[in-house]
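# Observations on chain architecture
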Amino acid sequence: MSGFNFSQKEEEILSFWQKNKIYQKTLKGKKKNFSFYDGPPFATGKPHYGHILASSIKDTVCRFFSQRGYKVERRVGWDCHGLPVETLIEKELGIRSKKEIEKLGIRKFNQACRQAVTRHIDDFVKVLTRLGRWADYKNAYYTMDNSYIETVWWVLKEVDKLGLLYKHFKVTGYCPRCGTPLSNFEVSEGYRDVRDKSIYVLFKLKGEANTYFLVWTTTPWTLSANLALAIGDFRYVKIKVGDKNLILAEERLPVLENINYKKIATLKKEDLLGSEYEPLYPQALNLLPKNEKIDKVYQVYEGDFVNLEEGTGIVHIAPAFGEDDMELGRKNGLPILLTVDGEGKSLVEPGKNLWIKEADEKVIADLQERGLLFKKEEVKHSYPYCWRCETPLLYYPVETYYVKVSALKEQLLKNNEEIHWLPHYLKHGRFGKWLAEAKDWAISRNRYWGAPLPIWECESCHYQEVIGSVQELKDKGAEVPEDLHRPDIDKVTYSCPKCQGLMRRVPEVFDCWFESGSMPYAHWHYPFENKNKAEKSFPADFIAEGLDQTRGWFYTLHVLAAILTLKNIGLGKNKPAFKNAVVNGIILAEDGKKLSKRLKNYPDPQRVFDQYGADSLRFFLLSSAPLGQNYRFSERLLAHTFRNVIMRFYNCYLFLDYTAKTYKIDNFKRPRKLHFLDKWIIVLLERTSQEVIELMENYELVKAARKIEDFIAELSLWYVRRVKSLIKDKNSATAKLYILSQVLKKFSILSAPFLPYLSEIIFQKLREEKDPISVHLCQIETTQKPELDVLKKMELIREAISDLLELRSKAKIKVRQPLAAAYLPFSVSQEEADLIKGEVNVKEVKTRKKLGLNTEITPALKKEGFKRELVRQIQSLRKKLGYKYGQNAVFCLECSEKAISSIIKEVEAETNSELRIKKGKKQLSQFLLDANIEVKIYQ
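The rules behind each value
- Residues numbered from 1 in each chain as written.
- Predicted model: local features only at pLDDT ≥ 70, side-chain atom pairs only at ≥ 80, totals over all residues.
- Heavy atoms only, no water.
- Helix = DSSP H or I, 4+ residues; strand = E, 2+ residues; numbered from the N terminus.
- Expected span 1.5 Å × (residues − 1).
- Buried < 20%, exposed > 50% of the residue type's maximum accessible area, 1.4 Å probe, protein only.
- Polar contact = N/O pair within 3.5 Å; in protein donor to acceptor, adjacent residues only side chain to side chain.
- Core = buried A, V, L, I, M, F, W, Y, C linked by side-chain atoms within 4.5 Å.
- Contact = heavy atoms within 4.5 Å.
- Pairing = 2+ DSSP bridges.

### Describing helix H25 (residues 730-751)
The first and last C-alpha atoms of H25 sit 30 Å apart over 22 residues, in line with the 32 Å expected at 1.5 Å per residue. Where burial is concerned, most of H25 is hidden: 18 out of the 22 residues are buried. Its side-chain oxygen placed 3.2 Å from the backbone nitrogen of Asn-731, Asp-729 serves as the N-cap of H25.

### Points about the nonpolar core
Nonpolar side chains in soluble globular proteins generally cluster together in the buried interior. Within the largest apolar cluster, 119 residues are counted, with the highest numbers of intra-cluster contacts made by Phe-542, Trp-680, Leu-715, Tyr-719, Leu-744, Phe-754 and Leu-755. Beyond its immediate chain neighbours, meaning those up to four positions away, Phe-542 contacts Phe-34, Ser-35, Phe-36, Tyr-37, Ile-57, Lys-58, Val-61, Cys-62, Asn-580, Val-582 and Tyr-699. Residues Cys-458, Ile-467, Ala-534 and Ile-563 belong to the second largest nonpolar core, which totals 71 residues.

### Topic: the environment of Ser-346
Assignment of secondary structure puts Ser-346 in the loop between helix H11 (323-331) and helix H12 (356-369). Taking relative accessible area as the criterion, Ser-346 reaches 7% and is therefore assigned buried. Between the C-alpha atom of Ser-346 and that of Phe-305, which follows or precedes it by 41 residues, the distance is 27 Å. Excluding anything up to four places from it in sequence, Ser-346 contacts Thr-339, Val-340, Gly-351, Lys-352, Asn-353, Leu-354 and Ala-359.

### Quick notes on the pairing of strand E3 (residues 75-78)
Burial along E3 is two-sided: Arg-75 and Gly-77 and Val-76 and Trp-78, pointing in opposite directions, are all buried. With three bridges joining them, E3 and strand E4 (residues 136-142) adopt parallel strand pairing. Its bridge partner being in E4, Arg-75 is matched across the sheet by Asp-136.

### Focus: the side chain of Ser-7
With respect to the element layout, Ser-7 can be found in helix H1 (residues 6-19). For Ser-7, the residues in contact, after removing those within four places along its chain, are Arg-130, Phe-609 and Asp-610.

Put into structure tokens, the structure is as follows:
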């Protein structure tokens, strides 16, 4: 496509859409609504290929349903709150802890956060607009808006009304750097394989000389907080190793590999329960309040969580640092001994004031010096890290607010049955299994930049209540600030309705995932505004995000929708938040590595737009990997998409345009009789339309995109290529171009959701006065069931052609060498025979019992073969030198004039070139027509 700048043409189309307000026109006059929720991205950084992938999916689906007659409103939003923003600002300001934030001041810190969340919105809008994604960018919502926050308050109040909100002190995933708990699904996203020290420790049994419990742990720093040991319902043994007696589960004896031991006794759990042992670090008890009961510490208890898959069958219990540990402690009256502070530093020796992982070495050295370290090794295991700041998490006791998701498990599973997932296996796989194990959701964060929890507590009687609106606060006599964020909201007080004491807001903010899960209601400021609009758009017909959101946005949408529809408050009863979910994998570099700015292993999106156009990138992302699987981004494959999809489609139009100009045709006329080839392409388009509609209504984007690509290949490589040989004069050209123009126009309508720019370009070239102003205002109509007999016959013919070409190959006869006849085992019409003759290069097609070829080459056939080879060489040179289709070229030939003079005129006509039999300046090609005739071609 020399001289044609596709990117520039896309820019012109973009201007055409904007000038004529095509997106806005798609919303007019339609009674059916199609609801789409867009997961708001953070605009603290520039848009990347993950955003482009998700946007390509979203825009394609929305365009398709718009062309199917639905009103599809698309409002974008921007995620503003949470740890991602706070972490960014901390790095920029050089802040390392919460103490430094409070020293700086919450107001200044939050102001910096507010400014950061909008810094790249213009970049997002520019990239997404250039991608061709239609949306209402001017009327975007922000999760930091007061209106959005007020709806989030309303959602929490509804949660509380149903008795599903509670405050509890329990062990949860906790980031010591951020100083806040994380929800279980946040913890699940941050696991990574690490190598840690694991040790086998000796706990001395009281009342029995030289006898020890053998206990294994991968967290030596927690040993200072040990208050008990737990065993299971297993058989235990006492063995002698050197001068010590050790107790462990019999099935775990293999841990003593290469260690000589002697079995002394077999023990049941009843023999061990209640046994007392000597504490490793009794001085740690000084950290407990003076009135704390410690009469039940340092004993052996039963734990149903103890297993024989690893360790020794005896588990060390530190109630402060494990869910199972705390539950066992609560059940047996053990205190919670905190030996680590909120920053992850040890409060006791050994390792006092050290970060827990640094304290590990001190603990190990201390145990070894005291003869209580049996052995140590390294273990590779999965450990959770903070999903934002990448700090190793602690399981730490925190008092936080929870939503009782576990009570909703049955309803969550039922609602999931109403959702159509793509890929399908997510329904009962990753998402369904996560719901089946649903745990209560920690929704509060001990942070600063977030929607404030609307919970006020009395300073005197500690009565608490959830506030559901700004007006509710005003009704209580409180003065509400213009900005609902901290620190202004922290100053809002009112009188306690129970004791007239002072009600103050609790200091926590929302988990930002609670905010995003409230999006279906909050972006409309429901129920305070747009009540009818919000309820009509719920649940969403369609949402789409990456695979990680199955435990993020998809999950929080699902949980809050289940709560808000337990009773019919206007949103329906027992409804999921969305009906259809399309889930994509992540984009990797060609070598399988993550896309990285540091590695520079991906091209800048703007350069890709400039070089290949947005349609190429969109289509590559839509068709290159099955839904749910990861993508390998490759500029090489992107270029392949440009050539084999974009250019093939456009070149079909160029052929039509050039042929019309060549024969000076102004109006194409429908032929009285359709050629077999014409019938075939019309039926193929009908079948493709039927398949694409069915697939897209089932949200099978990848399969639908590949159907589009397949049709382009058939149109270009089969139909247009064969039509060229059927055009002999103006009349035949007029008839053939009519069919091609109709097929191109109808196909441009079908392909518009997938190739919005190119389809518009071609549609505008072929548009008639009666047609809508844009291809995107044309409806994709359901076709009648196509007559598949034509397709079956063409398939049979093409199979025969393939077999005949294979026979040529075995006989070592080039395709350009004409042969006398081909033999088929079935009958064909004259039009069908002409197709076979053109493809196989034979003079006749005859019928007989077995497929075959007449391979005898007469002098006349040989001469025609010479001509075809010469035509091929010249066409190849024209392409190499950049000659446009229809542009005249001049070449010089050095060869035997007698051998080729009789075919020169025919070759010139077929190649649109002037040939001179003389020596030129620069040799371009040299080849043999046969063993005797050598041809050199010069420019």
